[in-house]
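Architecture and fold: a report
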Amino acid sequence: MSSKLDVVLGLQWGDEGKGKIVDVLAGRYPAVARFQGGPNAGHSLHFDGKSFVVRSIPSGIFREGSINIIGSGVVLDPVTFQEECGNVSAMGVNPKEKVVISKKAHLILPTHRLLDAAYEAAAGKGKIGSTLKGIGPTYTDKVGRHGLRVGDILAPDFKERFAKLKGRHLRLLADLGFECDPDRDEAAWMEATEFLKEFELVDCEYFVDGLLKGDKPILAEGAQGSMLDVDFGSYPFVTSSSTTVGGVCTGLGLAPSRVGKVFGIFKAYCTRVGSGPFPTELFDETGETLRRVGHEFGAVTGRPRRCGWLDLVALKYTSMIDGVTDLIMMKSDCLDDFDTIKVCTSYKVNGVETKEVPFDIAIKVEPVYTEFPGWKKDLTGMRSEAELPEEFKSYIKFIEDYIGVPVSIISLGPDREATIER
Ligand code: IMO
Ligand code: MG
């Protein structure tokens, strides 16, 4: 018998609360795997009165006995990873016993980060609002077939290959006229690659296959959100990886038939950080209130997040692409004080109403809203379905009917315990 790999995916523009849910679910899975993205992710965990943000390490790290896989589709910055491991160790957990790294994951070089900054500076007003962690340039080198992979650090000619790639980057940086010290972080980076060697470096596809065949189910943890997918997101204002369900297969070396449940996670409202289209964005006091109540500031960059009402057109689109089997609704408690709650149920594009996400959502898309009366009750202490206010239940029912997928978990606060499973 072989187990399945279940998946948690963000269905919006990132920051849906994936860290919390993976941490909650991780108790049921012997292994958790990241399959794409890199330290542009910031997944927050809250338990036993403590808070922790993971970047490259899977959110299962604090669950006893868990195996945490950094998969082939991930881009890894050895320096950030080493720092993160230091923070994990300070919590009394030894990362070397719990994290395995795919040899095929690509390495983020210090010059990749510089290139990220250089491209953004050159883009001026058209900038993407990147987290500047070197994500885009690293994936560019991967696809361009120049990249260095984690397994390469074991090769005798690693330093020469590093120098060759760095040389390429220096020419690009000179071309962009970007002023920087390209050598500044190199010594720390090289040292961090030595630290990487102390970890179990694996052939991810065999490792994953072995776990599943050994009847050990795996939970795959998406980073970013489906609306940031390089193919299906709001291009070009996206990240450079496949954040949708297909990325799970390419990022881990796994056949689609071995994917089980797909947990699609969304906030009861919407946020976006960085540039790009956001049809339901609020520029008024309501947007301010959402930001304040939801503490909507980036876990990685500290930037204030743009806030708006829930967009069901986009949510249905990403649920379709991802084949979501279970919806998970986060931060409903942040809407507790609103008299009226709005959800976007269609778009008006050039005066024509549609329920589909248009090719170019950067053009003027006008949201059409359906309104609901607020529940005006504090949800945070509620731990069972029976306690939930009727207005809140009808809000959930409307979402389920619109998307055609049940909401099986509701989160009512950051802590592990503030969760209702239905
Ligand atoms: P988690 O996993 C929210 C956004 C950036 C920018 C765009 C491209 O915590 O949900 P990149 O650095 O990837 O080249 O930036 O994508 N972005 C995120 N937004 N949550 C994230 O991750 C994000 N990772 C990248 O703000 O608009
Ligand atoms: Mg984040």
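Let me sum up the structure you'll find in this document.

Rules used throughout
- Residues numbered from 1 in each chain as written.
- Chains lettered and ligands numbered in written order.
- Predicted model: local features only at pLDDT ≥ 70, side-chain atom pairs only at ≥ 80, totals over all residues.
- Heavy atoms only, no water.
- Helix = DSSP H or I, 4+ residues; strand = E, 2+ residues; numbered from the N terminus.
- Buried < 20%, exposed > 50% of the residue type's maximum accessible area, 1.4 Å probe, protein only.
- Contact = heavy atoms within 4.5 Å.
- Lys, Arg positive; Asp, Glu negative; His and termini not counted.
- Charge placed at Lys NZ, Arg CZ, Asp CG, Glu CD.
- Axes fitted to C-alpha atoms, helices over the stretch in contact; angles between N-to-C directions.
- Parallel < 35°, antiparallel > 145°, perpendicular 65-115°, else oblique.
- Left-handed = near helix turned anticlockwise from the far one by under 90°.
- Patch = residues over 30% accessible without salt bridge, like charges linked within 9 Å, V, L, I, M, F, W, Y side chains within 5 Å.
- Areas by Shrake-Rupley, 256 points an atom, 1.4 Å probe, with all protein chains shown as cover.
- Salt bridge = Lys/Arg side-chain N within 4 Å of Asp/Glu carboxyl O.
- Pairing = 2+ DSSP bridges.
- Core = buried A, V, L, I, M, F, W, Y, C linked by side-chain atoms within 4.5 Å.
- Phe/Tyr/Trp six-rings, centres within 6.5 Å; stacked < 30°, edge-to-face > 60°.
- Lys NZ or Arg CZ within 6 Å of the ring centre and 35° of its normal.
- Near = heavy atom within 4 Å.
- Polar contact = N/O pair within 3.5 Å; in protein donor to acceptor, adjacent residues only side chain to side chain.
- 1 Å grid on protein atoms, 1.4 Å probe; cavity = no way out; pocket = protein on both sides within 12 Å on 5 of 7 lines; lining within 4 Å.
- Sits in = over half its atoms within 2 Å of the grid points.
- Nonpolar A, V, L, I, M, F, W, Y, C, P; charged D, E, K, R; others polar.

What about the overall build of the protein?
The secondary structure content of the protein amounts to 12 helices and 19 strands. Over its C-alpha atoms, taken along the principal directions, the protein stretches across nearly 65 × 50 × 40 Å. Expressed as a percentage of the 422 residues in the protein, the buried residues total 57%. Counted over contacts in the protein with a minimum sequence separation of 6, partners at least 24 positions apart contribute 77%. Across the protein, the centroid of the 51 positively charged side chains sits 2 Å from that of the 60 negatively charged ones.

Considering the packing of helix α4 (residues 110-123) against helix α5 (residues 135-143)
Two numbers describe a pair of packed helices, the interaxial angle and the distance between the axes. Running from N to C, α4 and α5 point in directions that differ by 110°, and their axes come no closer than 7 Å. Judged by the inter-axis angle, α4 sits roughly perpendicular to α5. As for the relative orientation of α4 and α5, their crossing is right-handed in sense. Only Ile135, Gly136, Pro137, Thr138 and Asp141 of α5 make contact with α4, whose side of the interface consists of His112, Leu115, Asp116 and Tyr119.

Here we look at a nonpolar patch on the surface
Residues Tyr119, Leu172 and Leu176 make up a contiguous nonpolar surface patch of roughly 230 Å² in combined accessible area. With respect to the secondary-structure elements, leucine 176 resides in the loop between α6 (158-175) and α7 (186-196). Accessibility expressed as a relative area gives 32% for leucine 176, which makes it partly exposed.

Let's talk about the pattern of salt bridges
As enumerated under the stated definition, the model contains 27 salt bridges in all. A salt bridge links arginine 161 to aspartate 152, with the nearest nitrogen and oxygen atoms 3.2 Å apart. On the basis of relative accessible area, arginine 161 is assigned to the partly exposed category, the value being 33%. A network of salt bridges, in which partner residues are shared, links Asp15, Lys267, Glu296, Arg305 and Lys331.

Observations concerning the side chain of threonine 244
Considering the arrangement of structural elements, one finds threonine 244 in the loop between β10 (218-221) and α9 (245-252). In this view, threonine 244 contacts Leu9, Phe35, Ser226, Asp229, Phe232, Ile321 and Asp322; residues no more than four positions away in its chain are not counted.

Regarding the sheet that holds strand β14 (residues 326-330)
If you trace the 10 strands from one edge of the open sheet to the other, you get β9-β7-β5-β2-β10-β1-β11-β14-β18-β19, paired in mixed fashion. Of all the strands in the sheet, just β9 (200-202) and β19 (419-421) have a single pairing partner and so form its edges. The sheet shows a mean angle of 25° between the axes of neighbouring strands, direction not considered. The pairing of strand β11 (residues 259-267) with β14 spans 5 bridges and is classified as parallel. Bridge pairing in β14 links lysine 267 to methionine 330. This element, helix α1 (residues 18-26), spans β1 (5-10), β2 (31-34), β10, β11, β14, β18 (407-411) and β19 of the sheet and lies at about 175° to β10. Helix-sheet contacts for α9 involve β1, β2, β10 and β11, and the interaxial angle to β1 is about 125°.

Digging into the nonpolar core
Core analysis: the largest hydrophobic core is formed by 72 residues, its most contacted members being Leu5, Ile69, Leu252, Met329, Leu335, Phe392 and Tyr395. At 6 residues, the largest contribution of residues to this core is made by helix α12 (residues 390-403). Contacts of leucine 252, omitting those with residues within four sequence positions, involve Leu5, Ala33, Arg34, Phe35, Gly71, Cys204, Glu205, Val208, Ala220 and Gly247. Among the nonpolar cores identified, the runner-up in size contains 31 residues, and Leu45, Phe62, Leu148 and Leu196 belong to it.

Some remarks on the packing of aromatic side chains
In this structure the tally under the stated criterion is 13 aromatic pairs. Seen in terms of ring centroids, phenylalanine 372 and phenylalanine 398 are 4.9 Å apart; in terms of plane orientation they differ by 70°. Their pairing is edge-to-face. Here phenylalanine 372 is found in strand β17 (residues 365-373), whereas its partner phenylalanine 398 is found in helix α12, with 26 residues between them in sequence. For phenylalanine 372, a relative accessible area of 12% translates into the label buried. Judged by centre distance (5.7 Å) and plane angle (55°), the rings of tryptophan 375 and tyrosine 395 are tilted. Placement of tryptophan 375 in the loop between β17 and α12 and of tyrosine 395 in helix α12 is noted, with a sequence separation of 20 residues between them. In this structure tryptophan 375 comes out as buried when scored by relative accessible area, which is 3%. Members of the aromatic cluster, each reached through a chain of ring pairs, are Phe372, Trp375, Phe392, Tyr395 and Phe398. Here the basic side chain of lysine 316 rests over the ring of tyrosine 402, its NZ or CZ set 5.5 Å away from the ring centre.

Brief notes about the site of ligand 1
In the vicinity of ligand 1 there are 20 residues, among which Asp15, Lys18, His43, Thr131 and Thr239 approach most closely. Here isoleucine 128 contributes a backbone N or O atom positioned 3.4 Å from an oxygen atom of ligand 1. Here arginine 303 contributes a side-chain N or O atom positioned 2.9 Å from an oxygen atom of ligand 1. Taking 550 Å² as the accessible area of ligand 1 by itself, protein coverage stands at 97%. Here ligand 1 is seated within the largest pocket. Grouping the constituent residues of the shell around ligand 1 by class yields 7 nonpolar, 10 polar and 3 charged.

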